[in-house]
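Close look at the chain arrangement
The chain contents come next:
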Amino acid sequence: MSFRLDRTAFHAGTHAQAEVYHRQHQPATMAGRLRAAFCLNSVVFDFGPDNPPRPDRTAFGCWAHAHRQYG
(Lines give C-alpha, C1' and ligand atoms only; values in the text may rest on other atoms or scores of the structure.)
Protein backbone atom coordinates (compact mmCIF):
# COMPACT_ATOMS: atom_id res chain seq x y z
CA MET A 1 0.00 0.00 0.00
CA SER A 2 1.46 3.32 -1.05
CA PHE A 3 1.07 6.41 1.08
CA ARG A 4 2.07 9.91 0.07
CA LEU A 5 1.97 12.97 2.29
CA ASP A 6 0.11 15.92 0.77
CA ARG A 7 2.60 18.72 1.29
CA THR A 8 0.35 21.34 -0.32
CA ALA A 9 -2.07 21.38 2.63
CA PHE A 10 0.34 23.16 4.98
CA HIS A 11 2.92 25.88 4.72
CA ALA A 12 5.74 27.11 6.90
CA GLY A 13 5.19 30.45 8.56
CA THR A 14 6.83 32.74 11.03
CA HIS A 15 6.16 32.83 14.75
CA ALA A 16 4.43 36.18 14.31
CA GLN A 17 2.02 34.72 11.74
CA ALA A 18 1.25 31.79 14.03
CA GLU A 19 0.62 34.14 16.95
CA VAL A 20 -1.82 36.23 14.91
CA TYR A 21 -3.63 33.10 13.67
CA HIS A 22 -4.04 31.62 17.15
CA ARG A 23 -5.12 34.94 18.64
CA GLN A 24 -7.93 35.17 16.07
CA HIS A 25 -9.04 31.52 16.07
CA GLN A 26 -8.75 30.38 19.69
CA PRO A 27 -11.26 31.08 22.45
CA ALA A 28 -10.19 34.12 24.44
CA THR A 29 -11.11 32.94 27.91
CA MET A 30 -10.22 29.82 29.86
CA ALA A 31 -13.94 29.01 30.16
CA GLY A 32 -14.24 29.10 26.37
CA ARG A 33 -11.27 26.77 26.01
CA LEU A 34 -12.78 24.35 28.52
CA ARG A 35 -16.10 24.39 26.65
CA ALA A 36 -14.27 23.61 23.40
CA ALA A 37 -12.33 20.77 25.06
CA PHE A 38 -15.55 19.34 26.55
CA CYS A 39 -17.19 19.46 23.13
CA LEU A 40 -14.26 17.62 21.52
CA ASN A 41 -14.26 15.01 24.30
CA SER A 42 -17.99 14.43 23.84
CA VAL A 43 -17.43 13.75 20.14
CA VAL A 44 -14.38 11.52 20.65
CA PHE A 45 -15.83 9.44 23.49
CA ASP A 46 -19.36 9.41 22.05
CA PHE A 47 -21.44 10.91 24.85
CA GLY A 48 -23.98 13.69 24.82
CA PRO A 49 -23.17 17.10 26.28
CA ASP A 50 -26.12 16.77 28.66
CA ASN A 51 -25.15 13.27 29.83
CA PRO A 52 -21.40 12.97 30.52
CA PRO A 53 -20.10 9.62 31.78
CA ARG A 54 -19.33 9.11 35.45
CA PRO A 55 -15.63 8.86 36.29
CA ASP A 56 -14.17 5.43 36.91
CA ARG A 57 -13.28 5.55 40.59
CA THR A 58 -11.75 2.08 40.65
CA ALA A 59 -8.49 3.48 39.28
CA PHE A 60 -7.93 5.53 42.42
CA GLY A 61 -7.58 4.37 45.97
CA CYS A 62 -6.76 5.66 49.40
CA TRP A 63 -4.86 3.69 51.98
CA ALA A 64 -4.06 4.55 55.57
CA HIS A 65 -0.33 4.38 56.24
CA ALA A 66 0.89 3.11 59.58
CA HIS A 67 2.92 5.64 61.50
CA ARG A 68 6.55 4.62 61.60
CA GLN A 69 9.04 5.55 64.21
CA TYR A 70 12.24 6.81 62.67
CA GLY A 71 15.29 7.04 64.78
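Quick caveat, the model's predicted, so the values are computed rather than measured.

1. Description of the environment of Ala36
By the element assignment, Ala36 lies in helix H2 (residues 30-44). Classification of Ala36 as partly exposed rests on a relative accessible area of 33%. When the C-alpha positions of Ala36 and Gln26 are compared, they lie 9.5 Å apart, and in sequence the two are ten residues distant.

2. Some words on H2
Each turn of an α-helix holds 3.6 residues, which means side chains three or four residues apart point in the same direction. Here H2 spans 21 Å end to end across 15 residues, near enough to the 21 Å set by a 1.5 Å rise per residue. Positive phi shows up at Asp46, right after H2, with a value of about 55°.

3. Quick look at the pattern of salt bridges
According to the stated counting rule, one finds one salt bridge in the structure shown. The closest approach of N and O atoms between Arg23 and Glu19, which form a salt bridge, is 3.2 Å. Here Arg23 pairs with Glu19, and both are found in helix H1 (residues 15-25), just four residues apart, close to one helical turn. Arg23 gets classed as exposed once you look at its relative accessible area, which sits at 56%.

4. Things to note about unusual backbone geometry
Positive phi values are uncommon outside glycine, yet Asp46 reaches one of about 55°. Here Asp46 is to be found in the segment after H2.

About the thresholds
- The numbering scheme is per chain: residues are counted from 1 as the chain's sequence reads.
- Whole-chain, interface and lining totals are the exception, using all residues; otherwise, since this is a predicted model, local features are given only for residues with pLDDT of at least 70 and side-chain atom pairs are given and counted only at 80 or more.
- Hydrogens and water molecules were not included; the side-chain quantities draw on all heavy atoms of the structure.
- Strands are runs of DSSP state E lasting at least two residues, helices are runs of H or I lasting at least four, and both sets are numbered from the N terminus onward.
- Only protein chains enter the accessibility calculation, which uses a 1.4 Å probe; a residue whose area is less than 20% of its type maximum is buried, one above 50% is exposed, and one in between is partly exposed.
- For a helix, the expected span equals 1.5 Å multiplied by the number of residues minus one.
- What counts as a salt bridge is simple: a side-chain nitrogen of Lys or Arg found within 4 Å of a carboxyl oxygen of Asp or Glu.

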